Amino acid sequence: MSNTGILYSFIGGAIVGAAAALLLAPEKGENTRRRKEILQQKGILCSDNEIDALVEQLTEEMDAK
């Protein structure tokens, strides 16, 4: 496969991935940010890495069922 073909494949995959993310997102980013702010106001501090790790763990547990 030529370099151009690889580039087009990468761009196509990126477009498909972005479209899937938009269609499958559970809620708007604005709502998600608001929830994070509420947690911070209540003294629950989570970094983005901790949240990502929790989401990954929950996804793996749901896939195992």
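Residues numbered from 1 in each chain as written. Predicted model: local features only at pLDDT ≥ 70, side-chain atom pairs only at ≥ 80, totals over all residues. Heavy atoms only, no water.

Participant: Sorry, what's going on with the overall build of the chain here?
Facilitator: Counting its secondary structure elements, the chain contains 3 helices and 0 strands. Ordered by position from N to C terminus, the α and β elements of the chain give α-α-α. Expressed along its principal axes, the backbone C-alpha trace of the chain runs to roughly 55 × 30 × 20 Å. Carbon together with sulfur atoms contributes 62% to the accessible area of the chain, which is approximately 6,100 Å² in total. (Helix = DSSP H or I, 4+ residues; strand = E, 2+ residues; numbered from the N terminus. Areas by Shrake-Rupley, 256 points an atom, 1.4 Å probe, with all protein chains shown as cover.)

Participant: What should I look at first to understand a negative patch on the surface in this one?
Facilitator: Together, Asp52, Glu56, Glu60, Glu61 and Asp63 make up a region of like negative charge exposed at the surface. Residue position: Glu61 is located in helix α3 (residues 48–64). Relative accessible area serves as the criterion here: at 41%, Glu61 is assigned to the partly exposed category. (Patch = residues over 30% accessible without salt bridge, like charges linked within 9 Å, V, L, I, M, F, W, Y side chains within 5 Å. Salt bridge = Lys/Arg side-chain N within 4 Å of Asp/Glu carboxyl O. Lys, Arg positive; Asp, Glu negative; His and termini not counted. Charge placed at Lys NZ, Arg CZ, Asp CG, Glu CD. Buried < 20%, exposed > 50% of the residue type's maximum accessible area, 1.4 Å probe, protein only.)

Participant: Honestly, the confidence of the model for the chain in this entry has me stumped. Any pointers?
Facilitator: Caution applies to low-pLDDT regions: their predicted coordinates should not be interpreted in detail. On average, residues of the chain score 79 in pLDDT, and 97% of them reach the 70 mark or higher. The secondary-structure element of the chain with the lowest mean pLDDT is helix α2 (residues 29–41), recorded at 78, while helix α1 (residues 3–24) shows the highest, at 83. (pLDDT = per-residue confidence, 0-100.)

Participant: Just checking my understanding: could you explain a nonpolar patch on the surface for this structure?
Facilitator: Taken together, the side chains of Leu7, Tyr8, Phe10, Ile11 and Ile15 define a hydrophobic patch exposed on the protein surface, amounting to about 580 Å² of accessible area. Secondary-structure assignment places Leu7 in helix α1. Judged by relative accessible area, Leu7 falls into the partly exposed class, the value being 45%.

Participant: Looking at this structure, how should I read the environment of Gln40?
Facilitator: The residue Gln40 is located in helix α2 in this model. Remark: the alpha-carbon pair of Gln40 and Glu60, spanning 20 residues in sequence, is separated by 26 Å.

Participant: What is the right way to read the environment of Met62 from this model?
Facilitator: Examined against the element boundaries, Met62 turns out to sit in helix α3. Here Met62 falls in the exposed class, since its relative accessible area comes to 63%.

Participant: Would you mind going over α2 with me for this structure?
Facilitator: For an α-helix, 3.6 residues make a turn, and residues three or four places apart therefore share a direction. Compared with an ideal rise of 1.5 Å per residue, which puts 13 residues at 18 Å, α2 spans 18 Å between its outermost C-alpha atoms and is within 8% of the ideal. The positive-phi residue at the C-terminal boundary of α2 is Gly43, with phi of around 90 degrees. (Expected span 1.5 Å × (residues − 1).)

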